[in-house]
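Tertiary structure, described
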Amino acid sequence: METTQKPERKPVIFSGIQPTGIMTLGNYLGALKQWAMLQDEYDSYYCIVDMHAITIRQDPAAFRKNILSGYALMLACGIDPQRSTTFIQSHVKTHAELAWILNCYTQFGELSRMTQFKDKSQKHPDNINVGLFAYPSLMAADILLYQADLVPVGVDQKQHLELTRDIATRFNSVYGNTFTLPDGYYPKAGAKIMSLQDPTKKMSKSDENVNAFVAILDDQDTIIRKFKRAVTDSEAQVVYREGKDGINNLMSIYSVVTGKTYEEIEKEFDGKGYGDFKLAVGEAVAEHLRPIRENYARYMNDKAYLEECYHKGAEKALKVSQRTLDKVHKKIGFIR
Ligand code: ATP
Ligand code: LTN
């Protein structure tokens, strides 16, 4: 008798990034670089989450540009639309549809405990909208629609990912196995790059002080200048130690972009001042980001290609995600 062998299912990755401004070195090391590295091992879905971005007020003209440039930057970081499904969230209607359903399986208390909600509410006290509150259930929908096994993100997203698992577990326990429980994937180094102006805060693309972050697209001189101005301490000793937040941050950045260990870095700068060290970090980062800047310029010169890629990506994403949404509708009792 003939045996029918099921084709082996590659594990699935989903991740997203908001087009809320200029993407930073933190976004690159914490997320985009990992996405590119993982794309062959997994069936990968990578998304510009424009629907999440409108939880903060966006200027329409700037927003339109940020969405396209965010998409181009994703490709420039090495995410290949032939090997990964790359798309824009609002193009795929299943995200909003499942998000609504999941809202009904998410508790008010759970969302109230989210630190990102608390931080962003404090930052924008005049616009604490329902979308900002429900942000995590849309994120859960993004992930669960593709039955993702793994979600590569920076550590600031850990709480959202745990909530996604709780929502999925709750739904599965009521209706039987429906969603795959996703695991977070946090890079060993670079999972939390800190602000260059206040190394106790994460580097954020929406920081008002442009010296606090390095944009992936900053030119070499700007990158070096920002590192020269980085806030450190007065000890003048390049060592990784508790309490030296500024130096620890620079050492971890230097370590990721050069592949050197902390010990090697300490040896390299033994007896040298912070000036030399900051210059070396700036130069190494600028060099590391150079090919991305060049690729980005190429992609932005070919809008037709970008358009073709995000249309194809959305088509594939819709097809896959619709299967999960249909299953959910059936389980809940919606009529076809
Ligand atoms: P915003 O400043 O608008 O809140 P953000 O810079 O935090 O945005 P997001 O789009 O929210 O960027 O995050 C995209 C990805 O980048 C997420 O996986 C997030 O964890 C990661 N990330 C963001 N900032 C850092 C950072 N400083 N270090 C490491 N990873 C980061
Ligand atoms: N909340 C994430 C962006 C995001 C995301 C996702 C990340 C939206 N949907 C799904 C991973 C998986 C953030 O980075 N702030």
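Scroll up to find the structure.
Before going into details, it helps to say that this report is about the structure given with it.

Rules of the game
Residues numbered from 1 in each chain as written. Chains lettered and ligands numbered in written order. Predicted model: local features only at pLDDT ≥ 70, side-chain atom pairs only at ≥ 80, totals over all residues. Heavy atoms only, no water. Salt bridge = Lys/Arg side-chain N within 4 Å of Asp/Glu carboxyl O. Core = buried A, V, L, I, M, F, W, Y, C linked by side-chain atoms within 4.5 Å. Buried < 20%, exposed > 50% of the residue type's maximum accessible area, 1.4 Å probe, protein only. Helix = DSSP H or I, 4+ residues; strand = E, 2+ residues; numbered from the N terminus. Contact = heavy atoms within 4.5 Å. Pairing = 2+ DSSP bridges. Right-handed = clockwise from strand over helix to strand, strands pointing away. Near = heavy atom within 4 Å. Polar contact = N/O pair within 3.5 Å; in protein donor to acceptor, adjacent residues only side chain to side chain. Areas by Shrake-Rupley, 256 points an atom, 1.4 Å probe, with all protein chains shown as cover. Phe/Tyr/Trp six-rings, centres within 6.5 Å; stacked < 30°, edge-to-face > 60°. Axes fitted to C-alpha atoms, helices over the stretch in contact; angles between N-to-C directions. Parallel < 35°, antiparallel > 145°, perpendicular 65-115°, else oblique. Left-handed = near helix turned anticlockwise from the far one by under 90°. Nonpolar A, V, L, I, M, F, W, Y, C, P; charged D, E, K, R; others polar.

**With respect to the pattern of salt bridges**
Scanning the model with the defined rule gives 16 salt bridges in all. The closest approach of N and O atoms between Asp218 and Lys226, which form a salt bridge, is 2.7 Å. Taken together, the salt bridges that share partners define one network made up of Asp233, Glu235, Arg241 and Lys244.

**Notes on the nonpolar core**
With 63 residues, the main nonpolar core has Leu25, Leu32, Tyr71, Phe227, Phe277, Val285 and Leu289 as its most contacted residues. Of all the elements in the fold, those that place two or more residues in this core are β1 (12–17), α1 (25–38), β2 (43–48), α3 (60–76), α9 (220–228), α10 (245–258), α12 (274–300) and α13 (303–332). The dominant element in this core, judged by the number of residues it contributes, is α12, at 12 residues. The residues touching Phe227, leaving out its near neighbours within four places in the chain, are Leu25, Leu196, Val214, Leu250, Ile253, Lys278, Val281, Gly282 and Val285. Val49, Leu132, Ile167 and Val328 belong to the second-largest nonpolar core, a separate cluster that totals 42 residues.

**Re the pairing of strand β3 (residues 85–88)**
Side chains Thr85 and Phe87 project from β3 onto one buried face, and the interleaved Thr86 and Ile88 project onto a second face that is buried too. Note that β2 and β3 share 4 bridges and pair parallel. Pairing of Tyr46 across the sheet is with Thr86, part of β3.

**Section: the environment of Ile13**
Along the chain, Ile13 turns up in strand β1. For Ile13, a relative accessible area of 0% gives the class buried. When sequence neighbours within four positions are dropped, the list of residues in contact with Ile13 reads Leu38, Tyr42, Asp43, Ser44, Tyr45, Tyr46, Ala148, Leu150 and Pro152.

**A few points about the pairing of β1**
For a regular strand, the rule is simple: side chains alternate between the two faces of the sheet. Within β1, 5 of the 6 residues are buried, which leaves it mostly tucked inside the rest of the structure. Considered for its hand, the β-α-β crossover made up of β1, α1 and β2 is right-handed.

**Examining the site of ligand 1**
What surrounds ligand 1 is a group of 21 residues, the closest being Lys120, Asp156, Ile193, Lys202 and Ser204. A distance of 3.1 Å is found between an oxygen atom of ligand 1 and a side-chain nitrogen or oxygen belonging to Asn27. Interatomic distance of 2.4 Å between a side-chain N/O atom of Ser204 and an oxygen atom of ligand 1. Coverage of ligand 1 by the protein chains reaches 96% of its 600 Å² of free accessible surface. Ranked by the residues each element gives to the shell around ligand 1, the list is headed by α1, at 4 residues.

**Let's talk about the packing of aromatic side chains**
Aromatic ring pairs are reported here in terms of the distance separating the ring centres and the angle at which the planes meet. Overall, the coordinates contain 17 aromatic pairs when judged by the stated rule. With centroids separated by 5.3 Å and ring planes inclined at 15°, the aromatic side chains of Phe14 and Tyr146 adopt a geometry described as stacked. A residue pair is termed long-range when its members are at least 10 positions apart, and Phe14 in strand β1 and Tyr146 in the loop between α7 (130–145) and β4 (150–152) qualify at 132 residues. Owing to a relative accessible area of 3%, Tyr146 belongs among the buried residues under this scheme. Measuring from centroid to centroid gives 5.0 Å for Phe117 and Phe133, while their planes differ by 70°, and the two rings are edge-to-face.

**A word on the packing of helix α6 (residues 115–123) against α7**
Orientation of α6 relative to α7, taken along the N-to-C sense of each, is 160°, at an axis distance of 9 Å. Classed by the angle they form, the pair α6 and α7 counts as roughly antiparallel. The handedness of the crossing between α6 and α7 is right-handed. Taking contact as the criterion, the partners of Gln116, Phe117, Lys120 and Ser121 in α6 are, on α7, Leu132, Phe133 and Tyr135. Classifying every residue of the contact of α6 with α7 by side-chain character gives 4 nonpolar, 2 polar and 1 charged.

**Some details on the environment of Glu208**
Structurally, Glu208 is set in the loop between β5 (183–185) and α9. When its relative accessible area of 79% is taken as the criterion, Glu208 is described as exposed. With 139 residues separating them along the chain, Glu208 and Ser69 place their C-alpha atoms 20 Å apart.

**What to know about the site of ligand 2**
The environment of ligand 2 is formed by 14 residues, the closest being His52, Tyr135, Met139, Asp142 and Gln157. One of the side-chain nitrogen or oxygen atoms of Tyr135 is found 2.6 Å away from a nitrogen atom of ligand 2. At a separation of 3.0 Å, a nitrogen atom of ligand 2 approaches a polar side-chain atom of Gln157. The protein chains hide 92% of the 360 Å² of surface that ligand 2 would expose on its own. Counting residues per element, the ones that place at least two in the shell around ligand 2 are β1 and α7. With 4 residues, the top contributor of residues to the shell around ligand 2 is α7. Across the shell around ligand 2, the residue classes break down as 7 nonpolar, 6 polar and 1 charged.

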